[in-house]
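This is what each chain is made of:
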Amino acid sequence: MWRTARMAWVDILMDRRSIANVIGLLAASQTFEMQPAPEGKECAVSGQQKAGLLRLHADIRNYQAYLPEAGRLEGGGSQMSVSLDQALPLIRRSIKSWIEHIHPLTEKSKILDTQLLEWRFLAHCLKHISHYISDNSLSLEPFSKSTRHKPFIGIGTASGLISLQENSKVLLQSFPLPVKKYASEEPDTVFVGLMPIKDSAALERSLRVTGAQFAKIPAELSGSPQQALRLLQRNMQSWQAQLDTLKSEIDQYSAVDQIVLWNGQLQRWLWLSEVMNQAWCDQRFVQICGWVPEQKLEVLETALQDSASPYLLRKEEPEEHGEPPVLLNNSAWLKPFEYFVRGFGVPRMNQIDPTPMLGLATPIMFGFMFGDVGQGLVLVLLGYALKNRLPILALLIPAGISAVIFGFLHGTIFCYEGLITPLWLHPLDYPLTIMSAALLFGAFMLLSSMVLGGVQAWWERRTATWLARQLPLICLGLALPALFWNTALSGSLAMSALLIAVVFSFRQAGPTGALLAIFKLLEDGVQLAINMLSFIRMGAFTLAHCGLSSAVMVLTTIPDNAVLQSMIFVLGNVLVIALEGLVVSIQTTRLVMFEFFRRFMEGAGRPFKPLTESVTP
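Residues numbered from 1 in each chain as written. Predicted model: local features only at pLDDT ≥ 70, side-chain atom pairs only at ≥ 80, totals over all residues. Heavy atoms only, no water.

## What to know about a nonpolar patch on the surface
Taken together, Val563, Leu564, Met567 and Leu571 make up a surface patch of nonpolar side chains, about 400 Å² in accessible area. With respect to the helices and strands, the residue Leu571 is situated in helix α19 (residues 562–596). Leu571 gets classed as exposed once you look at its relative accessible area, which sits at 57%. (Patch = residues over 30% accessible without salt bridge, like charges linked within 9 Å, V, L, I, M, F, W, Y side chains within 5 Å. Areas by Shrake-Rupley, 256 points an atom, 1.4 Å probe, with all protein chains shown as cover. Salt bridge = Lys/Arg side-chain N within 4 Å of Asp/Glu carboxyl O. Helix = DSSP H or I, 4+ residues; strand = E, 2+ residues; numbered from the N terminus. Buried < 20%, exposed > 50% of the residue type's maximum accessible area, 1.4 Å probe, protein only.)

## A closer look at the confidence of the model for the protein chain
Looking at the protein chain, pLDDT values average 82 and 88% of them are 70 or higher. Ranking the elements of the protein chain by mean pLDDT puts helix α3 (residues 69–73) last with 51 and helix α14 (residues 396–410) first with 96. In this model residues 72–79 is a low-confidence stretch, pLDDT under 50, and it forms 22 contacts with partners more than four residues away in sequence or in other chains. Overall, residues 178–184 carries pLDDT values under 50, and its contacts beyond four positions in sequence, including any with other chains, amount to five contacts. (pLDDT = per-residue confidence, 0-100. Contact = heavy atoms within 4.5 Å.)

## Focus: the pattern of salt bridges
Counted under the stated rule, the structure contains 12 salt bridges. Among the salt bridges present, the one from Asp11 reaches Arg314, with a minimum N-O distance of 2.9 Å. Residue Asp11 is located in strand β1 (residues 7–15), and its partner Arg314 is located in strand β9 (residues 311–316); the two are separated by 303 residues in the primary sequence. Its relative accessible area of 47% is what places Arg314 among the partly exposed residues. Between Glu316 and Arg314 there is a salt bridge, and its shortest N-O distance comes to 2.9 Å. One continuous salt-bridge network, built from bridges that share partners, spans Arg6, Glu294 and Lys315.

## A closer look at the packing of helix α2 (residues 47–61) against helix α9 (residues 259–275)
Closest axis-to-axis distance for the α2/α9 pair is 10 Å, and the angle between their directions is 135 degrees. By the criterion of interaxial angle, the relationship of α2 to α9 is oblique. The way α2 lies across α9 gives a crossing that is left-handed. Residues Lys50, Leu53, Leu54, Leu56, His57 and Ile60 of α2 form the contact with α9, whose participating residues are Ile259, Asn263, Leu266, Gln267, Trp269, Leu270, Ser273 and Glu274. Residues belonging to the contact of α2 with α9 are distributed by class as follows: eight nonpolar, four polar and two charged. (Axes fitted to C-alpha atoms, helices over the stretch in contact; angles between N-to-C directions. Parallel < 35°, antiparallel > 145°, perpendicular 65-115°, else oblique. Left-handed = near helix turned anticlockwise from the far one by under 90°. Nonpolar A, V, L, I, M, F, W, Y, C, P; charged D, E, K, R; others polar.)

Printed below as a string of structure tokens:
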């Protein structure tokens, strides 16, 4: 907390035969970021072997839809207990055997799927025709028994079908659909028709040009649309049963051939081939190197010991290997606030991590602008419900708790101000107090950012430079809010800022430097004042939230009906939560990013990216 995790550089030397399991265990431990090692004599996975793996992957990808669910989603997750030289023939033989078994079944399955898709479309059209025709006034027999014409049924626009009929020898009977997709669109029409067989190819193209969907009418369909639909549904049930049987047979062959196991081996060897492009290899040994957080070195060594393979681990000082990656080192409850830091850019090693400060400040800012007991509880519940689906929404929990606290301070619950007595004040009754509180909080945030910059300068051993540049500005920053209490104190602080700036600059650059320091201090002071004034928006949005809540309560009193009043009350609160919650979140983020971070954060660090196992190449 406050400091990023210290990184260690490690070199790991291991037997080439055990590389598969060792790399797998390192990836599972999530402790090791691999870096390119010096170029070796050859890669752990040769080009010929990798080409063989890719060919197998291309083969199995053609049948990916027929893999058992575990094979599609997880690739089997099998342990690689043999070398690639031994595994590749086994993988190839197993996959080829599986494909030989299931190929005829998949081909038949494709035919059934295609036919069922066409029949479902026919059934949809026949249901629509049956809606219009309840008797036997239309028979499909003349269509299905025609020898010179090709019968078809489909859906298209009326104007497109009229144009087609005028320009070709197509016989059509159409039945308009009752509902449009969009108000501006022409309604679709179901049609039954005949086209001359000799012209069928050209006419099918013409139908497609009009945007129509169509399918051939099978010869066995005859009688009324209702009779044809019943026959079609019986056929569909029969074919679906055949399709289910085929899929069951494919699953049985998959179990016999252990396709999930071997697909998992294939995926993991492909992943390993990518990882090992960064390793140093010779005939017997493999060397990998990279970064490990010092507090996770023990976890890394445990993973290596679990491999039951001989290894040699050497730790080196990080300074010898360039800029290390950065791992933010915060407790679980602070983790959600790291999103602000990552959004700006992580600090470098030996720079301060402001996440603990954000864990206090951002909920206060949000709650100050969104103070409502009931609405805050809704945010807390939403945060708990959605944090697993979208982790960033875990921020709603502390934000909602803060909103509840400020709701009690403001005396507001679900937009209603008369139900509970405020522990502090009603914002709309004391707007100047709210604005002043927001300004003072802004001064606290900006001064805190400068203090954090001082701590960071101390860690980086540049305290003297920081004092010369920032101490006058800190005094000036204290002078601005001091105007609220004591003008004499404010003036003393401003004069102290000027004196410190002149003394530091005079010692370094003489009278010219002192004069420039005065102008620089004035410029920085104006900028600091502008940054402090930016926090007044917190007060403005507090008043806006209260004003919108008051408007909701006024609207609920307009209708005389209790049901309508309840509906307006509920919908009004939903609107306030959605609209104000979004606006307040944006303003909190803006104040953090542009006012707080910019005084000490550089965001030039590189996030730590541990080696992770992937089952896709």
